[in-house]
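Below, each chain spelled out in residue letters.
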Amino acid sequence: MANEAAPCPCDIGDKMDYGGRGKEVQIEHINAYLTKPSVKTEKAVIVIQDIFGWRLPNTRYMTDMLAQNGYMAICPDFFVGKDPWNPTNDWSTFQEWLKDKQPTKINKEADVVLKYLKEQCNVTKSAVIGFCWGGVATHHLILHYPELKAGVSVYGIIRDSEHRYNLHSPTLFIFGENDSVIPLDQVTTLQKKLQESCSVDFNVKIFPGQTHGFVHRKREDVNPKDKPFIEEARTDLLNWLKKYV
């Protein structure tokens, strides 16, 4: 689910067999997966899950990757204990499942996480990155939280907000050319409208031949043809964070 206007479940792809380097913590009413870098830092990245939840090994792998690059990385449970989408579920029930998990209704949880990072982790600079459902959530937060220094929305887009092009912070949007969830015309419209009205830096990048989920739900070891694009996208998001955070 990465298109707010026409949400639908997406394929889980290559689920990793990965345990993680971080730990689970309780932050007020929500749980989170937290990984600290080897060197003390005042910079943090909030990682927002896809529809498969905060415990998906692939998302924890990405969280750990950010920590290995020097950031305090935290992946909160933005579903607040509600069950994530299960690939074995009947797709016809997806809209009902989504009703109480709207990616644009996460401000309460975002406030809690930002407060925790500032008060408990001594963080002074925060950014946000999200995948699929989390990409939509990232777009939402960048529209409403100017204290965030940067955002990376990975195959996620808000379509039905009047102010969706008024980004507060530099934002990188990553898409796959063959994404069946987000048609290319939506991507080109986003790029055109941002060029017309956005006052901060942004980049909309489309990766040729790639499908939804390729950055975190494709394993480069079993998809050799896609490996260069997976690695390039991950490098791009790290470089974006390095530039602005």
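The structure we're discussing is the one just above.
Below is a summary of the structure that appears in this document. (Residues numbered from 1 in each chain as written. Predicted model: local features only at pLDDT ≥ 70, side-chain atom pairs only at ≥ 80, totals over all residues. Heavy atoms only, no water.)

**A word on the layout of surface pockets**
- In this model, the largest pocket occupies a volume close to 230 Å³.
- Contributing to the lining of the largest pocket are 16 residues, with Phe52, Gly53, Trp54, Arg55 and Pro84 lying nearest its centre.
- Within the lining of the largest pocket, the residues separate by chemical class into nine nonpolar, three polar and four charged. (1 Å grid on protein atoms, 1.4 Å probe; cavity = no way out; pocket = protein on both sides within 12 Å on 5 of 7 lines; lining within 4 Å. Points joined across faces, edges and corners; volume = space filled by probe spheres on them. Nonpolar A, V, L, I, M, F, W, Y, C, P; charged D, E, K, R; others polar.)

**Description of helix α7 (residues 227-244)**
- Helix length check: α7 (18 residues) gives 26 Å between terminal C-alpha atoms against 26 Å at 1.5 Å per residue, within 8%.
- Of all the positions in α7, only Ile230, Ala233, Arg234, Asp236, Leu237, Leu238, Trp240 and Leu241 are classed as buried. (Helix = DSSP H or I, 4+ residues; strand = E, 2+ residues; numbered from the N terminus. Expected span 1.5 Å × (residues − 1). Buried < 20%, exposed > 50% of the residue type's maximum accessible area, 1.4 Å probe, protein only.)

**Focus: unusual backbone geometry**
- In this structure, Asn122 takes a positive phi of about 55° despite not being glycine.
- Its place among the elements puts Asn122 in the loop between α3 (107-120) and β5 (125-131).
- Even without being a glycine, Cys132 presents a positive backbone phi close to 60°.
- Of note, Cys132 is situated in the loop between β5 and α4 (133-144).
- With relative accessibility at 0%, the residue Cys132 sits in the buried group.

Everything listed here is a matter of coordinates, which is why it stays silent on function.
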